[in-house]
Amino acid sequence: MSHKTLLRAGPLRRQAVGPYGPLEPAGPGGLALPAGFTGRVVARSGHKVAGLTWHAAPDGGACFPDGAGWIYVSNSELPLLGGASAIRFGADGSVADAYRILSGTDLNRAGGATPWHTWLSCELGHRGRVFECDPYGERAARPRLAMGRFRHEAAACDPDRQVVYLTEGEADGCFYRFRPGDWGDLTEGVLEVLCESGRWRPVPSPAALLHATRHQVEDARHFDGGEGCHYAGGVCYFTTKGDNGLWAYDAQTSALERVCDGVRAVTASPSGDLYVARDAMRIDVITPDRTITPFLALDGHDRSALKGPAFSPDGGRLYFSSQLGTAADPSGGHTFEVAGPFRP
């Protein structure tokens, strides 16, 4: 989405009906969609998918190309046993395989995909780490300690400036960026924090052995619990769970705008539309002309939260998870796929 359209003056315009028309009544699984769209559950916590027992508490996710098919990766927000799993889809959308790509880590909340097709899985635990994982399951995951030790939430790669933006899940958390020494290699680099002046300043000790990273730079800007993060069209969008805000950081001008409230996760489609997961168990679409409208709603999951929205590489399918599922289903999380005529 171009910052020239979304990041202009004026509030979002709410409309009852979006570019795909009104929502139809919810189907048997509780999913309400516009006409022409279909939904299905591709994985359920504690149940087998292609021989793999799908993890509990599914959280952040991303899609990766895989020949004629694709792969969806999902984190697990479990203490000590978190990690991440992957589902491989064939060209026709059938499930071909499922496997673990990270195990034995702590509270893997969100993360982000890299342009070189790896998954950055972020730990929310105290002195959490970022793990770079292979979504294809061929290489072992590796911690990227230069990216800092703090309560990591999400990551978003900016290939234009060759940096990775990072959010922090603290009530006074910061917004960071990591500048690797070589783009495509995250083993070494400089961790910087956004300051009140709008400038980025280096964090003196990313390892945070004596002082938390968010307290090392005097004029660092603080946010109420950073959460989801996504880069598109020159803008890094991120959410804050403490005050339920969606923010937009213009990477070219350093302008920072609070776009709207009530958002927990965000992704973008190839068309430039933003898809935002709301507190009310629905996903809205924000178009480049600043209109916000409902895209889907999920009934019967009132105790849950929507996590991990991500589009397949061709933009034809949207994946996301209901982290806790329904009160009537003790198995917990449900991971959904929605297919249909998304705008090109």
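Here, the structure is the one placed above.
Residues numbered from 1 in each chain as written. Predicted model: local features only at pLDDT ≥ 70, side-chain atom pairs only at ≥ 80, totals over all residues. Heavy atoms only, no water.

## Side note on the sheet that holds strand 13 (residues 142-143)
The test is simple: At least two DSSP bridges between two strands are required for those strands to pair. Numbering of helices and strands starts at the N terminus; helices are DSSP runs of H or I of at least 4 residues and strands are runs of E of at least 2.
Taking strand neighbours across the sheet as the criterion, the four strands line up as 10-11-12-13 in an open arrangement whose pairing is antiparallel. Two strands close off the open sheet at either side, each with one partner strand: strand 10 (108-113) and strand 13.

## A short note on the layout of surface pockets
The following threshold applies: Using only the protein atoms, space was sampled on a 1 Å grid; points where a 1.4 Å probe fits but cannot get out form cavities, open sets with protein on both sides within 12 Å along at least five of seven lines form pockets, and lining residues are those with an atom within 4 Å of a point. Grid points are joined across faces, edges and corners, and a volume is the space filled by probe spheres set on the points. Ten residues, namely Ala, Val, Leu, Ile, Met, Phe, Trp, Tyr, Cys and Pro, are considered nonpolar, four, namely Asp, Glu, Lys and Arg, are considered charged, and the remaining ones, Gly among them, are considered polar.
Size it by volume and the largest pocket reaches roughly 920 Å³. Every residue lining the largest pocket is counted, 44 residues in all, and those nearest its centre are Ala62, Cys63, Ala113, His230 and Thr267. For the lining of the largest pocket, the secondary structure elements donating two or more residues are strand 6 (58-66), strand 10, strand 14 (152-158), strand 20 (226-232), strand 24 (263-268) and strand 28 (306-311). Looking at the lining of the largest pocket, its residues break down into 25 nonpolar, 14 polar and five charged. For the second largest pocket, the calculated volume is near 200 Å³. Lining the second largest pocket are 16 residues, with Gly27, Gly29, Leu31, Leu33 and Gly39 sitting closest to its centre. The set of elements that each furnish at least two residues to the lining of the second largest pocket consists of strand 2 (31-32) and strand 3 (38-44). If one sorts the elements of the lining of the second largest pocket by residue count, strand 3 sits on top with three residues.

## Structural notes on the pairing of strand 20
This is how it is decided: The classification of residues rests on relative accessible area computed with a 1.4 Å probe and restricted to protein chains. Under 20% of the type maximum is buried, over 50% is exposed, and intermediate values are partly exposed.
The buried fraction of strand 20 amounts to six of the seven residues, a majority that puts the element mostly inside the structure. As paired elements, strand 20 and strand 21 (residues 235-240) share five bridges and run antiparallel to each other. Bridging across to strand 21, His230 finds its partner in Tyr237. Between the antiparallel neighbours strand 20 and strand 21 lie two residues, among them Gly233 with a positive phi of about 60 degrees.

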